[in-house]
Amino acid sequence: MGCYPGRCEVVPGHAGRLVFGYLRDKCCVMMQGRFHPYEGYPLWKVTFPVRVFRLMDVHTLIVTNAAGGLNPEYKVGDVMLIRDHINLAGLSGQNPLRGPNDDRFGERFPPMSNAYDRILRQKAHHIWKQMEQERPLQEGTYVMVGGPNFETIAECQFLQKLGADAVGMSTVPEVIVARHCGIRVFGFSLITNKSILDYESLETANHEEVLVAGNLAAEKLERLVCTLVENMQPPSEKTF
Ligand code: HPA
């Protein structure tokens, strides 16, 4: 994929590969890593793979991310199904759909109130129950910030007051572009660290704890995704 000459960056933990194959008999393409706006990529490049997937007739996008837990109930290692998102930068105009609309992909003003498929979320809860995990499967609102620095305490307090349960630096642009072109979306966040909301706290967020939490959760996330994909049918309503 394109990158600026001499400035190509891959975040540690993001391999930067597209992997094609079968997951329990279902034909899949996986992004081993993604582009982030904080690496310097414009939003149209960040979301370019999603349009490629659309042209390949992909009908469902599963988005995953690491996130800081803003909701006080959340613990490190929890999985949060994304029910909704707050596109913080988008509210002030930084949207991947900004510019002339490409009608071949979708309409100028796509709805976003139904971005995360309700039925797939229900199925995920069902699978989670069968997995007999100690912790509940959380469900909440993801807010995207630009990064790359982790948030200040005041910013975390602000994001929590906005109604966000988890904060991260990705996902929202891809979801917007997927929904614009009629791809069904299911997503979850792995809570890799607790957001610091208290001035008495001596903790600080760091990328190493994000990687450690990711590795520890890999097996349960693999089970969740594989079982979901195994039982997945194409959407009944053909949107493209
Ligand atoms: N903030 C933003 N992005 C993140 C965090 C966080 O606390 N944890 C993992 N990705």
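Residues numbered from 1 in each chain as written. Predicted model: local features only at pLDDT ≥ 70, side-chain atom pairs only at ≥ 80, totals over all residues. Heavy atoms only, no water.

(A) Representation of the pairing of strand 5 (residues 138-144). Burial of strand 5 is extensive: six of the seven residues sit out of reach of the surface. The pairing of strand 4 (residues 79-87) with strand 5 spans seven bridges and is parallel. Pairing of Asn87 across the sheet is with Met144, part of strand 5. Of the crossover connections in this fold, the one passing from strand 5 over helix 4 (residues 153-162) to the parallel strand 6 (residues 166-168) is right-handed. (Buried < 20%, exposed > 50% of the residue type's maximum accessible area, 1.4 Å probe, protein only. Helix = DSSP H or I, 4+ residues; strand = E, 2+ residues; numbered from the N terminus. Pairing = 2+ DSSP bridges. Right-handed = clockwise from strand over helix to strand, strands pointing away.)

(B) Broad picture of the pattern of salt bridges. The full count for this structure, using the stated rule, is seven salt bridges. With a shortest N-O distance of 3.9 Å, Arg54 and Asp57 are connected by a salt bridge. A relative accessible area of 15% places Arg54 in the buried class. A salt bridge links Arg121 to Glu139, with the shortest nitrogen-to-oxygen separation between them at 2.6 Å. Linking Arg121 in helix 3 (residues 118-131) with Glu139 in strand 5, this pair joins segments that are 18 residues apart in sequence. For Arg121, a relative accessible area of 12% corresponds to the buried category. Through salt bridges that share partners, Arg83, Arg121 and Glu139 make up one connected network. (Salt bridge = Lys/Arg side-chain N within 4 Å of Asp/Glu carboxyl O.)

(C) Broad picture of the pairing of strand 7 (residues 184-194). Taken across its eleven residues, strand 7 has ten buried, putting it largely inside the fold. Of the pairings in the sheet, the one linking strand 3 (residues 60-69) to strand 7 comprises ten bridges and is parallel in character. Each residue of the ladder has a partner; that of Thr64, found in strand 7, is Phe188. Pairing analysis gives three bridges linking strand 4 to strand 7, with the strands arranged antiparallel. Note that in strand 7 the partner of Val79 across the bridge is Leu190.

Shape descriptors only; they carry no functional weight alone.
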